[in-house]
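Okay, here's what each chain looks like letter by letter:
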Amino acid sequence: MSRIPVAILGATGTVGQRFIQLLEKHPWLEVVAVAASDRSVGRTYADACRWFLSSSIPEHVQGLVVRPLEPNLDCEYVFSALPSAVAGEIEDAFAGAGYTVFTNAAPHRMDRDVPLLIPEVNADHLAVSEAQQRHRGGKGLIVASANCTTTQLALALKPLHDAFSIRKLSVVTMQAISGAGYPGVAAADILGNVVPYISSEEEKVETEFLKLLGTLEGDRIAQASITVSAQCNRVPVYDGHTECVSVQFEDPPSVDQVVDALEGFRGPNQVADLPSSPEQPIVVFRDPERPQPLRDINLGRGMAVSVGRVRPCPVLDMKFVVLGHNTLRGAAGGSIHNAELLIARQKLVGK
Ligand SMILES: NC(=O)c1ccc[n+]([C@@H]2O[C@H](COP(=O)([O-])OP(=O)(O)OC[C@H]3O[C@@H](n4cnc5c(N)ncnc54)[C@H](OP(=O)(O)O)[C@@H]3O)[C@@H](O)[C@H]2O)c1
C-alpha cells in the first residue's frame, strides 16, 4: 500500500523530533509537511531544528520548509506536538477544516467527545468520535493521547483493574527532564537535585487516569470510580519516568496473581497487529534492582512499560514500580499507535 501523507505540528520540538524519527520507516505513514512557530517558519527543517536524537534527520525531511500552523497542508492526518498554551485553538482550526488531529497536548483531552486513547487499554473509546464528527458536520476529528505519566500508569494498571477492581491508588513519580520539552528545566535547577513540583501534572494524572480506565456508555465515557493521589517530581534523568505505585483493590490479589495478570496482558486482538504494538505491552522484572530508566526504557522499541518490585503494601494492598518512555509510549509513539488503530478500523468498515 502507498503510505498515507501526514504532517507534524510542532515538528521541531522534543516530541516533534520523535515523530520524525519514528515515521521515517513507518509502513503506513509518511511525513510530507512540518509546521512550527514563527521562529522556524520559512527555514528548512534541518536549519530550524536543534536535532538532539542519536539517529540523523531523515534525508527527505531535512529539506522540508517549515510551514505556518495553518490548516492548508497537503494531507489528511496531522500529529500535534504543540505546547498546550497554543495547541487548543490550532488543533480546533485543523479539525474544523476536516483534518484528523492526533494530539499530545492537554487542552482537548478531557472533552466529552474526544477519545483519550491507549489502544491496548481502551480501543472501544474511539466510538465517542462519532459524536464529535456529528458536531463537526461529518469531517474533522481530534483524538488525544494522555499525559505521559498517566499513559504508562494506565497501561500497567489496566489488567489489574479488570481482574481485581482498583479502589484507591497512590503514585509518586520521578520524571525525566525530556518531559519538560526543550530547553526545559535549567541545568542549574536539576543537576544533583530533585524538584518536587511539576505544574498541573498531579491534576492531569488524577483526572485523565479515570477517563482512560472509564467505560463506554452510549456515546460517552463513564469515568472509573477510583481514588487517585499523585505526587510528581522532576529528577535528573534524561528520558523515562519511574513511578512508585501502591494500590488498594476490591478483591485483593496475591503477588503471583498480579504478576500473571501483568505478563498475560495483550489488549484486544486487532491491536496486537498494529505496527507500533509491542509484542508484550507490560514486562515484569523479578530482579529487585530493575526496572531502571538507563537500562529498560527501550523495551518493545520504547512502547512497552516495565514493572518491578511487586510486593505487598502494609498501607494499601500491593505496591510496585512502573517505568515507561515518556517521549515514545508517552507521546509520539502513543499518538502514532492511535493513528494506526483508527486506520485499521477505517479499513475494516471500508472507508
Ligand atoms: N516531552 C514529553 O515527554 C511529552 C510527553 C507527553 C506529552 N507532551 C506534550 O507534547 C507537546 C510538545 O511537547 P515538547 O516536549 O515537544 O515541547 P517542546 O520541545 O517545547 O516543542 C514545542 C514545539 O512547539 C513549537 N512552539 C513553541 N511555542 C510555540 C508557539 N507559541 N506557537 C506555535 N508553536 C510553538 C516549537 O516550535 P519552534 O521550534 O519553532 O519554537 C516546537 O516545535 C506539549 O503539549 C507537551 O505537554 C510532551
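J.: Please give an account of the packing of helix α7 (residues 148-164) against helix α10 (residues 255-264) that cites residues and values.
T.: In contact at an axis separation of 9 Å, α7 and α10 are set at 120° when each is read in the N-to-C sense. Looking at the two axes, α7 sits oblique to α10. With respect to the hand of their crossing, α7 and α10 are arranged in right-handed fashion. When α7 is examined against α10, the residues Ala 156, Pro 159, Leu 160 and Phe 164 are found in contact with a partner set consisting of Gln 257, Val 258, Ala 261 and Leu 262. Looking at the contact of α7 with α10 residue by residue, the classes come out as 7 nonpolar, 1 polar and no charged.

J.: Outline the sheet that holds strand β4 (residues 100-103), supporting the account with residue identities and numerical values.
T.: Strand order in this open sheet of 5 strands is β2-β1-β3-β4-β5, and the pairing throughout is parallel. Edge positions in the sheet fall to β2 (29-35) and β5 (141-144), since each has one partner strand and no second. Going from strand to strand, the sheet's axes swing by 25° on average, the running direction of each strand aside. Across 6 bridges, strand β1 (residues 4-9) lies against β2 in parallel orientation. Residue pairing across strands places Ile 8 opposite Val 34, the latter belonging to β2.

J.: I'd like a description of the state of the cysteines, backed by residues and values.
T.: Using the criterion set out here, one finds 0 disulfides in the structure. Free of any disulfide, Cys 148 has its nearest neighbouring cysteine sulfur in Cys 232, separated by 9.4 Å. Unpaired in this structure, Cys 313 has its nearest cysteine sulfur neighbour in Cys 244, at a distance of 11 Å.

J.: A description of α10 should follow, citing residues and the corresponding values.
T.: Of all the positions in α10, only Val 258, Val 259, Ala 261 and Leu 262 are classed as buried. Mapping the buried residues of α10 onto a view down its axis gives an arc of 165°, with all of them on the same face. The outward face of α10, more than 90 degrees from its buried face, is lined by the exposed residues Asp 256 and Asp 260. As for α10, its buried residues are in contact with α7, β11 (282-284), β12 (305-312) and β13 (318-324).

J.: So what's going on with the site of the ligand? Residues and values would help.
T.: Residues in contact with the ligand amount to 27 residues; listed here are only the nearest, Thr 12, Ser 37, Arg 39, Ser 40 and Leu 82. Note that an oxygen atom of the ligand is positioned 2.9 Å from one of the side-chain N or O atoms of Thr 14. One nitrogen or oxygen atom from the side chain of Asn 326 is found 3.0 Å from an oxygen atom belonging to the ligand. Residue assignment for the shell around the ligand shows that the elements contributing at least two residues are α1 (14-23), α4 (84-96) and α13 (328-348). Residues of the shell around the ligand, tallied by class, amount to 12 nonpolar, 14 polar and 1 charged.

J.: How would you sum up the pairing of strand β6 (residues 166-175)? Please name residues and give values.
T.: Relative to strand β10 (residues 241-249), β6 runs antiparallel, the two being bridged by 8 bridges. Paired with Ile 166 across the bridge in β10 is Phe 249. Here 8 bridges tie β6 to strand β9 (residues 227-234), and the two strands are oriented parallel to one another. From the neighbouring strand, Gln 175 faces β9, where its bridge partner is Arg 234.

J.: Summarise unusual backbone geometry; cite the residues concerned and give the values.
T.: For the peptide bond that leads from Tyr 182 to Pro 183, omega is 0°, which places it in the cis range. Put simply, Arg 290 and Pro 291 share a cis peptide bond, and its omega is 5°. Residues other than glycine seldom take positive phi values, yet Ser 200 does so here, at roughly 65°. Topologically, Ser 200 is positioned in the loop between α8 (187-190) and α9 (201-212).

J.: Any details on the pattern of salt bridges? Residues and values, ideally.
T.: All chains considered together, the criterion is met by 13 salt bridges. In this structure, the salt-bridge partner of Glu 208 is Arg 109, at a minimum N-O distance of 2.9 Å. Highlighted residues: Glu 208 in helix α9 and Arg 109 in the loop between β4 and α5 (119-122), separated in sequence by 99 residues. When sorted by exposure, Glu 208 lands in the same class as Arg 109, which is buried.

J.: Any details on the sheet that holds β6? Residues and values, ideally.
T.: Sheet strands pair by backbone hydrogen bonding; their relative direction is either parallel or antiparallel. Read from one edge of the open sheet, 6 strands run β9-β6-β10-β13-β12-β11, paired in mixed fashion. Every other strand in the sheet has two partners, leaving β9 and β11 as the edge strands with one partner each. Sheet twist, expressed as the average angle between the axes of neighbouring strands with direction ignored, equals 20°. One ladder, built from 5 bridges, connects β12 with β13; its direction is antiparallel. Opposite Ser 306, over in β13, you have Leu 323 as the bridge partner. Its contacts with the sheet put α7 on β6, β10, β11, β12 and β13, and the angle it makes with β10 is roughly 30°.

Rules behind the numbers
In this convention, every chain numbers its residues from 1, walking through the sequence in written order. It should be noted that, the model being predicted, local features are given only for residues of pLDDT at least 70 and side-chain atom pairs only at 80 or more, the latter also being counted only at that level, while totals for whole chains, interfaces and linings use all residues. With hydrogens and water stripped out, all remaining heavy atoms of the structure feed into the side-chain values. Only the stretch in contact is used when fitting a helix axis, every axis being a line fitted to C-alpha atoms; angles between N-to-C directions are given from 0 to 180 degrees. Helical segments are the DSSP runs of H or I of at least four residues, strand segments are the runs of E of at least two, and each set is numbered from the N terminus. Our angle categories are set so that under 35 degrees counts as roughly parallel, over 145 as roughly antiparallel, 65 to 115 as roughly perpendicular, and the remainder as oblique. The sense of a crossing depends on the near helix, which, turned anticlockwise from the far helix by less than a right angle, makes the crossing left-handed and, turned clockwise, makes it right-handed. We call two residues in contact when some of their heavy atoms are within 4.5 Å. Polar here means any residue other than Ala, Val, Leu, Ile, Met, Phe, Trp, Tyr, Cys and Pro, which are nonpolar, and Asp, Glu, Lys and Arg, which are charged; Gly is therefore polar. Between any two strands, at least two bridges found by DSSP are needed for them to pair. Any two cysteine sulfur atoms lying within 2.5 Å of each other are counted as a disulfide. Throughout this description, buried means an accessible area under 20% of the type-specific maximum (1.4 Å probe, protein chains only), exposed means over 50%, and partly exposed covers the range between. As used here, the arc belongs to the directions running from the helix axis to the C-beta atoms. We define proximity as follows: a residue is near a molecule or strand when any one of its heavy atoms falls within 4 Å of that partner. Counting of polar contacts relies on pairs of N or O atoms within 3.5 Å, with two restrictions inside protein: one atom must be capable of donating a hydrogen and the other of accepting it, and residues adjacent in sequence are counted only when both atoms are side-chain atoms. One speaks of a salt bridge when a side-chain nitrogen belonging to Lys or Arg is within 4 Å of a carboxyl oxygen belonging to Asp or Glu.

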